[in-house]
Amino acid sequence: MAKTLFEKIWDRHLVRDLPDGTSLLYIDRHLVHEVTSPQAFEGLRLSGRSVRHPELTFSTMDHNVPTDDSRLTIKDPISKAQVEALETNCKDNGIHLYGIGDDHQGIVHVIGPEMGITVPGLTLVCGDSHTSTHGAFGTLAFGIGTSEVEHVLATQTLRQKKPKTFKVEFTGKLQPHVSSKDMVLKLIGIIGTAGGTGSVFEFCGEAVESLTMEARMTICNMAIEGGAKAGLIAPDQTTFDYILAEDRPFAPKGEAWDKALAEWKKLPSDPGAVYDRTLVIDASKIAPQVSWGTSPGMVIDVDAPVPGLNDVPGYSAGDVQKALDYMGLEAGQKLTDSKLDIVFIGSCTNSRIEDLRRAAKVLDGKKKADHLRLMVVPGSQQVRKQAEAEGLDKIFKAAGAEWRWAGCSMCLAMNPDKLSPQERCASTSNRNFEGRQGAGGRTHLVSPEMAAAAAVAGHFVDIRDWNGGN
Amino acid sequence: MEAFTTHRGILAPLDRANVDTDQIIPKQFLKSIARTGFGPSAFFDWRYVLNGDPNPEFELNEARYANRSLLVTRNNFGCGSSREHAVWALAQDGYKVIIAPFRGEGDDYIPGFADIFKNNCSKNGIVTIELAEDVVEQIFQIVYGQEGLEASVDLEKQTLTLHGEEDLSFEFDYDASVKNKLLKGLDDIEESLTYLEDIESFEKTHATWITL
């Protein structure tokens, strides 16, 4: 029978079906960070269990880490205790740790692919909803809660109900300056933040196939924002070239590479494979997207007006009113007229080298608007190093940006980087929830190019016809 | 995990859709390495004003809901971050049952709860009940109409009963595996480890480029 990419990975990892109707699924890679793991390790200790496969467990620190020059000495005692707990837990259990000060420290979803921990055809989990990022490689990757983190540590498996499959096909070619961030925001605008619940997306079509690996990671990263369990993209030559392009210590080599490659080539969905649901989006018609509200589904084309109370599918008039009030916006106004206070380029969605290159291209030879603050936060120390080797840091600094160290930074404000109440931010991150970037802060989600252009103009612009501020 | 069989308590409303886990427990509380102490921080940004006093405009702060243990809300509750701290906060703030509506069917179906949140609830003894939108609307009206309204849940029978002027019962669907686990208070890890032999034999045949 013709199988989808998802079904092939699922079947390959099925330890057994259980009498209660769930399945015991084998987990190949487990990524761990400081926030969602301490209680899991504590649970193991209390029950006298050990980590079944420390060599398949990889750990870093990203959420709490300061991204300025104070990063090596966390001042907040509670953050410090959490980071130290991870150090102890990794040491006690023999788990790989890329901690603060390590050359490979960074956002967990940036370092996984960078280190070759993420390759096609795996099951990969992490106590973090943006684990869906890794699906860009054709690997089944999803976020789990802390109880499940403990379950994976103890058993290297998870008990799962088989999700449904949801094919999202992007036909045609993207317009210049429109990116994969705009594709995924457009999708969430159509289906809403619960549209994918219970499903695994498979992104496909001409516009997806022509994306680079890092652009693919951006789409899969936000699969969770559409409610989906995971997002998948079939591995192809782009995927294989990416893995080979750098020294990725955990990627298969030599004979193992040949075996793996042969397996990976069998992964794409078979012709005629059946999906539970299919949606087709014409990529050539996608405009740069900007979120206007407090949910990633509240998103519009940059040149469209802020919608009225009854104009947002899936949201009640009351919800829209609450969002408008929180965001300090009125129906009918243009987002291009709203003055920005901060521009944040970073997060597991858009902090990889290609994201920084795209932002740097817009900022090259220009200055940010005087009234705003521009932060550029690379996703990993390796990304930072690469950007500096290419001179991108000089472009950012000359434009008036703060060039930071790696971490989650202002995506979720668990560290010193946060918005003040009512500050308006153009952000390349993934969530515009109330208070996400700091209590009372107002987040607009955009692509790196849109964020960079907004930093120069001082407000949003349509990157497609922007003259560079000249 | 503590078993859940039946529960009766005061029902409170939270009339908002798409309540995300950042709202249920904001990030500053995720720095704790303990599993307890999250209760007073549930819904923190809505619940308190800047000086730390209770926010009189937040409906769950009304005196009539002070002893609530069941919550009725709108669709897609618990979306966003996977943080189990959100469920710990609700459980430690006294919630045993959360009711939310599903809407539509087929491609238009919108569930009451986000996946990871619902799964996290099942590991912490919180029962998540999904009912049709018009039924949930009816429950909202009854809750608003009667101070101190009590409700009870019988998980075995899969019924929710509102104890208003007269009892009004609703049946709900429930995943059989989750139901069994909640009723017996089973520990997932202990259960899964009974299949250790299956895991070991699976590992023997799993590709070595995968097993590193």
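Residues numbered from 1 in each chain as written. Chains lettered and ligands numbered in written order. Predicted model: local features only at pLDDT ≥ 70, side-chain atom pairs only at ≥ 80, totals over all residues. Heavy atoms only, no water.

Visitor: Explain the overall build of chain A to me, please; I cannot follow it from the model alone.
Guide: Looking only at helices and strands, chain A has 15 helices and 19 strands in total. Against the globule reference of 23 Å for 470 residues, chain A gives a C-alpha radius of gyration of 21 Å, in line with a compact fold. The principal-axis extents of the C-alpha atoms in chain A amount to approximately 60 × 55 × 45 Å. Looking at chain A residue by residue over its 470 residues, the buried ones come to 66%. If you take every contact in chain A between residues at least 6 apart in sequence, the share linking residues at least 24 apart comes to 75%. On chain A, the mean spot of the 51 positive side-chain charges and the mean spot of the 60 negative ones are 1 Å from each other. (Helix = DSSP H or I, 4+ residues; strand = E, 2+ residues; numbered from the N terminus. Rg over C-alpha atoms; globule rule 2.2 N^0.38 Å. Buried < 20%, exposed > 50% of the residue type's maximum accessible area, 1.4 Å probe, protein only. Contact = heavy atoms within 4.5 Å. Lys, Arg positive; Asp, Glu negative; His and termini not counted. Charge placed at Lys NZ, Arg CZ, Asp CG, Glu CD.)

Visitor: Would you mind going over the pairing of strand β1 (residues 6-14) of chain B with me for this structure?
Guide: Side chains on a regular strand alternate between the two faces of the sheet. Residues and elements named next belong to chain B. Burial analysis of β1 places seven of its nine residues in the buried class, the great majority of the element. Looking at chain direction, β1 and strand β5 (residues 150-154) are connected through five bridges and run antiparallel. Residue pairing in the sheet places Ile10 in a bridge with Glu150 of β5. Pairing geometry for β1 and strand β2 (residues 68-73), over five bridges, is parallel. Residue Leu14 lies in a different strand from β2, and its bridge partner there is Thr73. (Pairing = 2+ DSSP bridges.)

Visitor: Got a minute to help me understand the nonpolar core in this structure?
Guide: The nonpolar side chains of a soluble globular protein tend to be buried with one another. Counting 109 residues, the largest nonpolar core has Trp292 and Phe396 of chain A together with Leu11, Phe43, Phe77, Leu131 and Ile139 of chain B as the members making the most contacts within it. Among the elements that line this core, the one with the most residues is helix α15 (residues 448-457) of chain A, at seven residues. (Core = buried A, V, L, I, M, F, W, Y, C linked by side-chain atoms within 4.5 Å.)

Visitor: When you look at the sheet that holds strand β5 (residues 96-98) of chain A in this model, what are you seeing that I'm missing?
Guide: Where strands meet in a sheet, backbone hydrogen bonds hold them as pairs that are either parallel or antiparallel. All names here are of chain A. What the five strands build is an open sheet, ordered β5-β4-β3-β6-β7; its pairing is parallel. In this open sheet, the two edge strands, each paired with only one partner strand, are β5 and β7 (140-143). The sheet shows a mean angle of 20° between the axes of neighbouring strands, direction not considered. Relative to β7, strand β6 (residues 123-126) is paired through four bridges, and the arrangement is parallel. (Axes fitted to C-alpha atoms, helices over the stretch in contact; angles between N-to-C directions.)

Visitor: Help me understand the interface of chain B and chain A in this model?
Guide: Interface size, as often reported, equals the accessible area lost upon joining of the parts. The partner chain A presents 80 residues to the 59 residues of chain B that form the contact. Carbon and sulfur atoms make up 55% of the area that chain B and chain A hide from each other, which totals about 5500 Å². On inspection of chain B and its partner chain A, the count reaches 10 salt bridges. Close ionic contact of Asp198 of chain B with Arg16 of chain A constitutes a salt bridge, the shortest N to O distance being 3.6 Å. The tally of links from chain B across to chain A stands at 30 residue pairs in polar contact (both at pLDDT 80 or more). Per-element accounting of the side of chain B that touches chain A gives the leading share, seven residues, to helix α8 (residues 196-205) of chain B. Across the side of chain B that touches chain A, the residue classes break down as 21 nonpolar, 16 polar and 22 charged. (Buried area = accessible area lost by both parts, 1.4 Å probe. Salt bridge = Lys/Arg side-chain N within 4 Å of Asp/Glu carboxyl O. Polar contact = N/O pair within 3.5 Å; in protein donor to acceptor, adjacent residues only side chain to side chain. Nonpolar A, V, L, I, M, F, W, Y, C, P; charged D, E, K, R; others polar.)

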